[in-house]
Amino acid sequence: LGDRVAEVKASDRLVDSPRYGGRIRLLIDGDAFFPRFVQAVQDARESVDIRMYIFDRDAYALRIADLLKARSREIRVRVLLDELGSIGAGADASRTPYPYAVDTAARPVSLAGYLREGANVDVRTLPNPFLTSDHTKVLLIDGERAFVGGMNIGHQYRYVWHDLMVGLR
């Protein structure tokens, strides 16, 4: 073990990269992830940055969108959406046993448009002309706290899907 510690210290000197403390927490399923994410957005002091493959248009996703819109009046909020992933968002409510509070006809046509409406959310979409989507999900709060993993934003991801996010500080 002594040799390994010496090797790590030597490599740290080579790249001139100081170490700093941090924490990693596995967040399995929506019950573990979403309350922490919502709290982090509520507690954000400077910024919320989101890169999301699917940000649905169901009732749960719209609650998250409304929170982001409200916070955008106080802090910087930026959302980057995958255009391909967003096209079908909210199209099939039949996969979940839970009822949706917003029926298909009442959902906004465009989540990007909904996020911009009456708010200061900087929303951009990534075109995906060659089906090269990477399903990225990264949520960064104040440049200090991050969530990465497999969960999209929406009702079925909150309550039905079995998935994992990693909380990083």
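Bear in mind that the values here come from a model prediction, so they are computed numbers and not experimental data.

(A) A look at the side chain of D142. Its location among the elements puts D142 in the loop between β5 (137-141) and β6 (145-149). Ignoring anything within four residues of it in the chain, the contact list for D142 reads D43, A44, R45, E46 and S47.

(B) Representation of the packing of aromatic side chains. Across all of its chains, the model carries seven aromatic pairs by this definition. Here the aromatic rings of F33 and F37 are separated by 5.6 Å at their centres, their planes lie at 15 degrees, and the arrangement is stacked. Taken together, the positions of F33 and F37, both in helix α2 (residues 30-43) and four residues apart, correspond to about one turn of that helix. Overall, the relative accessible area of 1% leaves F37 in the buried class. Its end group placed over the ring of Y114, K69 keeps NZ or CZ at 4.0 Å from the ring centre.

(C) Fine view of the nonpolar core. Core analysis: the largest hydrophobic core is formed by 39 residues, its most contacted members being F55 and L68. Broken down by secondary-structure element, the contributors of at least two residues to this core are α2, β2 (47-52), α3 (59-71), β3 (76-82), α5 (111-116) and β5. The element that contributes the greatest number of residues to this core is α3, accounting for seven residues.

(D) Molecular detail of a positive patch on the surface. Positive charge collects at one region of the surface, where R23, R25, R36 and R169 lie side by side. As for its placement among the helices and strands, R25 is situated in strand β1 (residues 24-28). The partly exposed category is assigned to R25, whose relative accessible area is 46%.

What counts and how
- Residues numbered from 1 in each chain as written.
- Predicted model: local features only at pLDDT ≥ 70, side-chain atom pairs only at ≥ 80, totals over all residues.
- Heavy atoms only, no water.
- Helix = DSSP H or I, 4+ residues; strand = E, 2+ residues; numbered from the N terminus.
- Contact = heavy atoms within 4.5 Å.
- Phe/Tyr/Trp six-rings, centres within 6.5 Å; stacked < 30°, edge-to-face > 60°.
- Buried < 20%, exposed > 50% of the residue type's maximum accessible area, 1.4 Å probe, protein only.
- Lys NZ or Arg CZ within 6 Å of the ring centre and 35° of its normal.
- Core = buried A, V, L, I, M, F, W, Y, C linked by side-chain atoms within 4.5 Å.
- Patch = residues over 30% accessible without salt bridge, like charges linked within 9 Å, V, L, I, M, F, W, Y side chains within 5 Å.
- Areas by Shrake-Rupley, 256 points an atom, 1.4 Å probe, with all protein chains shown as cover.
- Salt bridge = Lys/Arg side-chain N within 4 Å of Asp/Glu carboxyl O.
- Lys, Arg positive; Asp, Glu negative; His and termini not counted.
- Charge placed at Lys NZ, Arg CZ, Asp CG, Glu CD.

That is the geometry; function is a separate question.
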